[in-house]
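Chains, contacts and geometry: an overview
Below are the chains, spelled out letter by letter.
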Amino acid sequence: MFRASGTRVCGPAAIPARAGIGLRARHHDAILATPPPVGFLEAHSENYFAEGGAQIEYLERLRSLYPLSLHGVGLSLGSADPLDREHLHRLQRLVDRFEPAFVSEHLSWGALGGRHANDLLPLPYTEESLQLMIDRVTQVQDLLGRRILIENVSSYLTYTCSTLTEPQFLTALAVESDCGLLLDVNNVYVNARNHGFDARDYLVGIPRRVVMEIHLAGHSTNRHGDREILIDTHSTHVCEAVWSLYELALDRFGDVPTLIEWDTDLPDLDVLVAEAATADQRRERLHGLAA
Amino acid sequence: MASLREIERAFLNAVLFGETDEITRHIVGAGLDPRRRAAIYHHNALATFTGMIAATFPVLERLAGADWLRQVATEYMQRYPSRSGNLHHVGAHLGDYLERRLWGTQYEYFADVARLEWNYQEVLVAMERATLDLERLAAVAAERHDRIVFELAPAARLVASRFPLLAIWRANRSESCADMQEGTVDLAAGPSRVLLIRRPDHVELRELPQSDFEFLEACGRGQPLGHIAETLDSPESLPAILARAVSAGVLVDFHLEN
């Protein structure tokens, strides 16, 4: 069951064995009015960088009800430029204030020369970008004084210069920087379809002990002539193929906390809660009634 | 082999400006033209940016239409690409951009509408401050009143326009078309001086008299009370102006100028 009002939670162990949902402003009032039976809430860090106002007050109230995960989308860890110190310090203040169970960011970049794409752009998987990511993740962990999780992103292209596979890259990053991994199962599926690899091989390429959270989301399909490209839209239900891959991930990585993401074409709260309940049913089928 | 910086520079040009020539040689085609792969990111970036502009400027969108605003946002993104990993900052220059773009047209007032809506967004997320300590203010000796410098609430903004800005905003802000008062605002109705201030559950917008607006603007510039009094058309009105500013909660602190 969700946590009682006023309870403070800190550290990964505080996330119960129950799927969580992504927190969106449109659902703030509905969650507070009737707190749904979900394990935790995950907020986009940048949505709460404000100095004051209603959004930050909502997060205070919601934090008193649920364990929280802070999920960043704007740090641009893989950029060749130095990290944005102001962005980092805002994140640090948010982490200090809300004591989230998880802090996560992406295996991606999004800015160069002060110009931001505000997107999670894929990195070439080379020794140069690996060393840069190791340095950056270490820098962030040192500043925050805690381990962070890095999430695999969806992609619509790969680079000719890549010399490592994504599982090899992520594994080396986790080992060298001691970060955890946030495995987005939908992104694995999307990339497997877009780039023609076997998603099951991808899971086998990730060490069992490093995956600390799983994301699930919906995607859409774009046609380019006779070629299909899957787009990670977070705009619909998790598809059956991703649910199946999720079960394989649970089997390999254990009963790790799972989150339902839904960002565009946002449905009513009960739809998200039902999707989280479906994840719980899959978990319970594999790992028993741990909740 | 190209460096990471070289690849990122080429890719960012494709994402922001649709210039795919340079990045394509670094992309694996695998059954799809590398240009089309890069273009997916350009389209995503445009959709994200224009969506953020539409969400930030709903009154402007209602006035100008979604298609027009999307086109303008696309041009604006080339001129003012995002400078932060936090997308919420991207609308800061839209008012200035529109002023130049629409200069001399019948739509010049769109620039002021954009400025009003941007200030509205800033007020929503500004720092909360305690209200003015009136006992401390009352304890200032009369001979030192001229040296008082007031501080405005972080969650308060002032926007002036030669158009009836507040009336335009009120007539177009509603989500419900039934509440709209289309055609009822006379653009020649005269200037507008608007105070925006965050209340516990909403942002209040109110029209200010010229004297009150100029007083608050001067406070915002850090001018001491004595100097402000000298610039007022009727200095004897200062106590009433000050009382209204305190009552509205616009002033949160003060110090004495040395």
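Everything that follows concerns the structure shown earlier in this document.
Since this is a predicted model, take the numbers as computed values, not measurements.

1. Looking at the sheet that holds strand β2 (residues 156–161) of chain B
All names here are of chain B.
- A sheet is described by the order of its strands in space; here 3 strands give the open sequence β2-β3-β4, paired in antiparallel fashion. Edge positions in the open sheet fall to β2 and β4 (203–207), since each of these has one partner strand only. Looking at each pair of strands side by side, their axes are set apart by 20° on average, direction ignored.
- Across 6 bridges, the pairing between β2 and strand β3 (residues 192–198) is antiparallel. Paired with S161 across the bridge in β3 is S192.
- With respect to the sheet, helix α7 (residues 109–125) is in contact with β2, β3 and β4, its orientation differing from that of β2 by roughly 175°.

2. Here's the deal with the nonpolar core
- The biggest cluster of nonpolar side chains holds 147 residues, and the ones touching the most others in it are A:L181, A:V185 and B:V113.
- Counting residues per element, this core draws most heavily on α7(B), which supplies 9 residues.
- There are two domains that each give this core at least three residues, and those are domain 1 (1–88) and domain 2 (127–258) of chain B.
- Setting aside chain neighbours within four positions, we find A:V185 in contact with A:I214, A:H215, A:L216, A:V242, A:L245, A:Y246 and A:A249.

3. Some words on unusual backbone geometry
Residue and element names in this part refer to chain A.
- A positive phi angle, near 50°, is found at N118, a position not held by glycine.
- For N118, the position within the fold is in strand β6 (residues 115–121).
- You can call N118 buried: it has 24 C-beta atoms within 10 Å.
- The backbone of D265 shows a phi angle near 50°, a positive value even though the residue is not glycine.
- Note that D265 resides in the loop between β12 (258–260) and α9 (269–287).

4. As for the sheet that holds strand β7 (residues 149–151) of chain A
Residue and element names in this part refer to chain A.
- Strand order around the closed barrel formed by 8 strands is β1-β2-β3-β4-β7-β8-β9-β12, with parallel pairing between neighbours. Taken over all neighbouring pairs, the strand axes of this sheet differ in orientation by 25° on average, direction set aside.
- In terms of strand pairing, β7 meets strand β8 (residues 180–184) through 3 bridges, oriented parallel. Among the inter-strand pairings, E151 is bridged to a residue of β8, identified as L182.

5. Examining the environment of A:A274
Residue and element names in this part refer to chain A.
- Considering the arrangement of structural elements, one finds A274 in helix α9.
- Using a count of 14 C-beta atoms within 10 Å as the deciding quantity, one classes A274 as partly exposed.
- Residues A274 and I260, 14 residues apart in the sequence, show an inter-C-alpha distance of 9.9 Å.

The rules behind these values
Residues numbered from 1 in each chain as written. Chains lettered and ligands numbered in written order. Predicted model: local features only at pLDDT ≥ 70, side-chain atom pairs only at ≥ 80, totals over all residues. Pairing = 2+ DSSP bridges. Helix = DSSP H or I, 4+ residues; strand = E, 2+ residues; numbered from the N terminus. Axes fitted to C-alpha atoms, helices over the stretch in contact; angles between N-to-C directions. Contact = placed C-beta atoms within 7 Å. Core = buried A, V, L, I, M, F, W, Y, C linked by C-beta atoms within 7 Å. Buried ≥ 20, exposed ≤ 12 C-beta atoms within 10 Å, placed from the backbone. Domains from an automatic or database assignment.

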